[in-house]
Amino acid sequence: MSLSGHVALVTGGGSGIGASTARLLAERGAAVLVADLNEAGATSVADTIAAAGGRAAPFRMNVAEEAEAAAAVAAAERSFGPLTLAVCNAGITDRSPALDMTRAAFERIVTTNLTGCFVSAQAAARAMVAHGKGGRIVTISSVSGQFGGTGRVAYGASKGGIINMTRVLAMEWAEHDILVNCVAPGPTQIARTAHGPRQRAAFLNRMAMKRYATPEDIARGVAFLCSEDAGFVTGHVLNVDGGFAAAGVLYDPSEGD
């Protein structure tokens, strides 16, 4: 799945899933603008890509700001040429009971995750339409956007919104040959996934594959949707979740009723 000749924007590219995605797209031949609010993280990832022989540049970006999204796209095109790929990955989380969550905390998560995803995708799509050559946009949701889960009222709402938004954008932008798809990770082992033993057990009990994903597992799903192998796929949600969404009641029949 070569991505040679492509120019990609990856938001939240300074760590976790975004960093693994940026590195994998570059490994497969794309030039990557690594955008992140944490400029040091973005620079570190871009330097790692360059040291491995790839092409990358860092960019400090607040994804919720329209002007910064437009500036990131412009920086990618100034450095590498017309934008053809965008991965809208940046996001934050919280684990607060709904009765305790403040409106400010709720809005902060939704603004970063959902609004940030929209303005990043919109800025990328505007450039792709202007060039008239189409492109691929991949959003990052979560299984938390598909199921109810305690402590995830804002995060779940934002990630559920991303799924529906992806489908709407896919319908609207297909005429411009822009394919818009979504990856919904299951529990993934990254720095911010500080799950305790009870939470890990609750996740793993629902999973056919009894382990958390690595960021590289998720990145490979993103790379597929960016590739020509997914050339007739749009409006799709690809769960990369170890079987989490497929699960029903799980127990060992040998233990009896």
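Residues numbered from 1 in each chain as written. Predicted model: local features only at pLDDT ≥ 70, side-chain atom pairs only at ≥ 80, totals over all residues. Heavy atoms only, no water.

> Would you mind going over the side chain of S96 in detail, with residue names and values included?
Take S96: it is sitting in the loop between β4 (85-88) and α4 (103-131). Setting aside chain neighbours within four positions, we find S96 in contact with M101, G151 and V153. (Helix = DSSP H or I, 4+ residues; strand = E, 2+ residues; numbered from the N terminus. Contact = heavy atoms within 4.5 Å.)

> Go over helix α1 (residues 16-27), please, and point to the residues and values.
Over its twelve residues, α1 extends 17 Å from the first C-alpha to the last, a length consistent with the 16 Å expected when each residue adds 1.5 Å. The element α1 is extensively covered by neighbouring structure, given that nine of its twelve residues are classed as buried. Tucked inside the fold, the buried residues of α1 contact β1 (7-11), β2 (31-36), α2 (39-51), β4, β6 (178-185) and α7 (215-226). One or two residues past the end of α1 sits G29, with phi positive at roughly 115 degrees. (Expected span 1.5 Å × (residues − 1). Buried < 20%, exposed > 50% of the residue type's maximum accessible area, 1.4 Å probe, protein only.)

> Give a detailed account of the packing of α1 against α7, specifying residues and quantitative values.
Packing of α1 against α7 leaves a shortest axis separation of 8 Å and a crossing angle of 50 degrees. Overall, the two elements α1 and α7 adopt an arrangement that is oblique. Seen along the crossing, α1 lies across α7 with a hand that is right-handed. On α7, the residues that touch G16, I17, S20, T21, R23, L24 and L25 of α1 are P215, E216, I218, A219, R220, V222, A223 and C226. Within the contact of α1 with α7, the residues separate by chemical class into nine nonpolar, three polar and three charged. (Axes fitted to C-alpha atoms, helices over the stretch in contact; angles between N-to-C directions. Parallel < 35°, antiparallel > 145°, perpendicular 65-115°, else oblique. Left-handed = near helix turned anticlockwise from the far one by under 90°. Nonpolar A, V, L, I, M, F, W, Y, C, P; charged D, E, K, R; others polar.)

> Residue-level account of the packing of aromatic side chains, with values.
The geometry of two aromatic rings is summed up by the distance between their centres and the angle between their planes. Following the criterion strictly, the structure yields one aromatic pair and no others. Here the aromatic rings of F147 and F244 are separated by 5.6 Å at their centres, their planes lie at 75 degrees, and the arrangement is edge-to-face. Of this pair, F147 sits in the loop between β5 (135-140) and α5 (153-173) while F244 sits in the segment after β7 (237-240), and the two are 97 residues apart along the sequence. Classification of F244 by relative accessible area gives buried; the value is 7%. (Phe/Tyr/Trp six-rings, centres within 6.5 Å; stacked < 30°, edge-to-face > 60°.)

> Run through the sheet that holds β2, naming residues and quoting values.
Taken together, the seven strands give an open sheet; going across it, the order is β3-β2-β1-β4-β5-β6-β7, and neighbouring strands pair in parallel fashion. Taken across any chain shown, the strands that pair with only one partner, and hence form the sheet edges, are β3 (55-60) and β7. Pairwise comparison of adjacent strand axes, ignoring direction, gives a mean angle of 20 degrees for this sheet. Looking at chain direction, β1 and β4 are connected through three bridges and run parallel. Within the sheet, the bridge partner assigned to V10 lies in β4 and is V87. Set on the sheet, α1 makes contact with β1, β2, β4 and β6; between it and β1 the angle comes to about 170 degrees. The strands that α2 touches are β2 and β3; relative to β3, the one it contacts most, it runs at about 175 degrees. (Pairing = 2+ DSSP bridges.)

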